[in-house]
Amino acid sequence: MKYIRNLFLLAVAVVAVSCTTGQTTTTVGTSTEVEKKVEQLLGKMTLAEKIGQMNQVSAGGDVSNYAESLRKGQIGSILNEVDPEKINAYQHIAVEESRLGIPLLVGRDVIHGYHTIFPIPLGLAATFDPELVEKGARIAAVEATAQGTRWTFSPMLDIARDPRWGRIAEGSGEDTYLDSRMAVAMVRGYQGSSLDETSMAACVKHFVGYGAAEGGRDYNSTYLSERQLRNIYLPPFEAAIQAGAMTLMTSFNDNDGVPSTANAFILKDILRNEWGFDGLVVTDWDSMGEMIDHGYGLDRKDVAMKAANAGVDMDMMTFGFLSHLEELVRSGEVKESTIDEAVRHILRVKFMLGLFENPYVDVEASQAVQYAPAHLEAACKTVEESVILLQNDGTLPLQADRIRTILVTGPMADAPHDQLGTWAFDGQKSHTVTPLKALQERFPGKVVYVPGLQYSRQERNRFDDVVAAARRADVVLAFLGEEAILSGEAHSLADLNLIGSQSALLAALKATGKPVVATVMAGRPLTIERDLPNCNALLYAFHPGTMGGPALANLLFGDANPSGKTPVTFLRTVGQVPMYYSHNMTGRPYRGEKMLVDIDQEAGQTSLGNTSYYLDYGAYPLFPFGYGLSYTTFAYSDLTMDKDVYPVDGTISVSFMLTNTGAYDGTEVVQLYVRDLVGSLTRPVRELKQFQRISLKAGESRQIRMELPVADLAFFGLDGTKKVEPGEFHLWVAGDSVSGEPISFQVR
Ligand code: GLC
């Protein structure tokens, strides 16, 4: 059932992300007035003009190249044009020179900022701060819409549990709940609480399961069961659509043999019929055409038919709809009513964005908001909250008054392009402030820069220059990691160690005996276990963007205290893939059995205890999900619940004391986890259900209360329905996904 709601409900409809499901109605948010306009316009359109709206073209070069198609109404949307003059020119032809004057929907990958680049989405997730992430998305929308982009292909909601997959950089990591919270934040930020000229239609992608690519190889097949889809991969999309996301993109992968771009089960049964989504569904780049390569379609006509009948509205760069839909309608293989519904979804978004009233941008004025000081400040704050302190022997925070000479080294110390990370198309490296630049500005005359390695993959076995400089310095700041090109789309890696000779560089620096602080900038969690002994402290910054330098300088010298938490598990070795916190218990959980090093030669076949672990790398990761240190410490105590037994429609109230037991003011991300001990299906050992950032002064204690609707414990069980199954549960409140002692409660 679909509700027609006005947009002001959009701000209200967002609320809790508890993924209630099934009959909840959702909508992109529309109004009777919009619906009337849609129907009036649709009624005037020829079949060719309808099909033209379903065609998206990647622009670039001369506008004149597209003029003829625009005049014929053969293009409904363009992407990859960001010059506001050109966008105005495209719009002018579409609006003034075509029969019906339907404006174009101008799309762009504004993934983590437009000009002001924020941390990559994996870094945004590490903040566990949806409000701050929403603010960043709003800034991206203000900058992008000012220059004519009114549709972003973001947020990417692909749950990723395999760091070999390069696109783990673009999502919110391994956890369904964290992903859902970030999804809602970014949709709200992009679209705004009510639609106006700064609203940029969000596009939740890639629908669905793309991050489960077998082998972590991009575009590879996935084999997710319906239960896995419904309990792990779909909820973030549902939350985003409940929050009013206006568009959705299909994914490249085939799941269990069916490519998403022709998968009516997900695109119709779930998306339209269960969730009531009435926004626009666009393919991924040529994902329609690629179904021929998948072996799922004979030719472009065949795949165009399959995509249209499965519920796709707009074709990105296959031109299958433009070339074949008219013929398919004439032959009856595709009903014209299917075309009409697709065009309604497209026109609805265009009317709601106000494109008919105002398709043009003020080119002059558009420059003023780009890189505005407030935007840069927000980006800096976001980096500060996204950086994760993984190791610290007390060397951090550095005391500036005790330091005369700072050696800055490493391939990421002054990499203005690579620091922006993947999918930073419009971030200009001239605006990037690198760690080197920030430190030189902050400590004039104190910073010595010897890169040691010009780029991450460089092979070098001697570091005499860097070692000599280190001996003359009071502290060594090594900025390591991977360039932007080593992460993102199509950039999967089979080896996750620091690439090239970076580990050797770190070892050489440590051998000098000077304090060494490593900062890793990467698009994924690398396997850094072998590097930890070679540094006194280690900060992990998922490619931090434009303001990475100032933010890292603030963190290194204590003007900011790290609060980031791992949004994805950090492995000890790539051989542990996949390893994530919300795993099942199995029938033989690891119970501390012997490791390779403990085994005597003649060990009997069954002497080691038959449980689930690796003889060489054990059963645990290097750092678990939700983990991150601070310059201070926090203690949890007096965890209580208001009841022992709750009804399925009840609300759990949890209370505990949080104390800052250290010497620095700091912020803790308190995390609430639950385990369903017995279910109609085996259940994860822990699932994140709430989190909250709590800031405390040094020595301060505060009673914290968290409320959790019992309904949030629901899952799709053996019978395929989503419900809370009565029984015993455990609940933790802790600073990561493995700490804390559980408290039991019953649901009856
Ligand atoms: C790419 C990506 C998708 C992106 C689209 C447009 O191939 O898969 O995430 O939005 O093409 O650039």
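No experiment lies behind these values; they were computed from the predicted model shown.

1. With respect to the layout of surface pockets
Here the largest pocket defines a volume of roughly 1000 Å³. Lining the largest pocket we find 49 residues, and of these Arg-161, Thr-176, Gln-228, Asn-231 and Ile-232 sit closest to its centre. Broken down by element, the lining of the largest pocket gets its largest block of residues, 6 residues, from helix H9 (residues 226-233). Of the residues assigned to the lining of the largest pocket, the class counts are 23 nonpolar, 14 polar and 12 charged. If you count residues domain by domain, the lining of the largest pocket takes at least three from each of domain 1 (14-367) and domain 3 (634-747). Roughly 790 Å³ of volume is contained in the second largest pocket. Lining the second largest pocket are 29 residues, with His-583, Asn-584, Ala-619, Tyr-620 and Val-685 positioned closest to its centre. In terms of residue class, the lining of the second largest pocket is built from 17 nonpolar, 9 polar and 3 charged.

2. Considerations on the nonpolar core
In this structure, Phe-207, Leu-248 and Phe-479 are the most contacted members of the largest nonpolar core, which totals 139 residues. Sorting elements by how many residues they give to this core places helix H8 (residues 176-191) first, with 9 residues. Those residues in contact with Phe-479 that lie beyond four places of it in its chain are Val-408, Thr-409, Gly-410, Pro-411, Met-412, Ala-413, Pro-435, Leu-439, Thr-519, Met-521, Leu-552 and Leu-556. In this structure, Ala-126, Phe-463, Leu-538 and Tyr-627 belong to the second largest nonpolar core, which totals 44 residues.

3. Quick word on the environment of Arg-272
In this structure, Arg-272 sits in helix H11 (residues 264-274). Separated by 39 residues in sequence, Arg-272 and Gly-311 place their C-alpha atoms 8.8 Å apart. If we ignore the near neighbours within four places in the chain, the residues touching Arg-272 are Leu-267, Phe-277, Asp-278, Gly-279, Val-281, Gly-311, Asp-313 and His-345. Within polar-contact distance, the side chain of Arg-272 engages the side chain of Asp-313 at 2.9 Å.

4. Focus: helix H10 (residues 235-242)
Burial within H10 is extensive, with 8 of its 8 residues counted as buried. Where H10 is concerned, the buried positions are Pro-235, Pro-236, Phe-237, Glu-238, Ala-239, Ala-240, Ile-241 and Gln-242. Once H10 ends, the next one or two residues include Gly-244, with phi positive near 105 degrees.

5. Some thoughts on the domain arrangement of the protein chain
When its domains are assigned, the protein chain resolves into domain 1 (14-367), domain 2 (373-556) and domain 3 (634-747). Distance from the C-alpha centre of domain 2 to the C-alpha centre of domain 3: 35 Å.

6. A few points about the pairing of strand E16 (residues 537-542)
A regular strand places its side chains so that they alternate between the two faces of the sheet. Most of E16 sits out of view: 6 of its 6 residues are buried. Side chains of E16 alternate between two faces, with Ala-537, Leu-539 and Ala-541 and Leu-538, Tyr-540 and Phe-542 buried alike. Where strand E11 (residues 388-392) meets E16, 4 bridges bridge the pair, whose relative direction is antiparallel. Opposite Gln-391, over in E16, you have Leu-538 as the bridge partner. The sheet contact formed by strand E15 (residues 516-522) and E16 spans 6 bridges and is parallel. Looking across to E16, one finds that Ala-518 is bridged to Leu-538.

7. Here's the deal with the side chain of Arg-686
Considering the arrangement of structural elements, one finds Arg-686 in the loop between strand E20 (666-676) and strand E21 (687-696). A distance of 2.7 Å separates a polar side-chain atom of Arg-686 from the backbone oxygen of Ser-739.

Definitions and limits used
- Residues numbered from 1 in each chain as written.
- Predicted model: local features only at pLDDT ≥ 70, side-chain atom pairs only at ≥ 80, totals over all residues.
- Heavy atoms only, no water.
- 1 Å grid on protein atoms, 1.4 Å probe; cavity = no way out; pocket = protein on both sides within 12 Å on 5 of 7 lines; lining within 4 Å.
- Points joined across faces, edges and corners; volume = space filled by probe spheres on them.
- Helix = DSSP H or I, 4+ residues; strand = E, 2+ residues; numbered from the N terminus.
- Nonpolar A, V, L, I, M, F, W, Y, C, P; charged D, E, K, R; others polar.
- Domains from an automatic or database assignment.
- Core = buried A, V, L, I, M, F, W, Y, C linked by side-chain atoms within 4.5 Å.
- Buried < 20%, exposed > 50% of the residue type's maximum accessible area, 1.4 Å probe, protein only.
- Contact = heavy atoms within 4.5 Å.
- Polar contact = N/O pair within 3.5 Å; in protein donor to acceptor, adjacent residues only side chain to side chain.
- Pairing = 2+ DSSP bridges.

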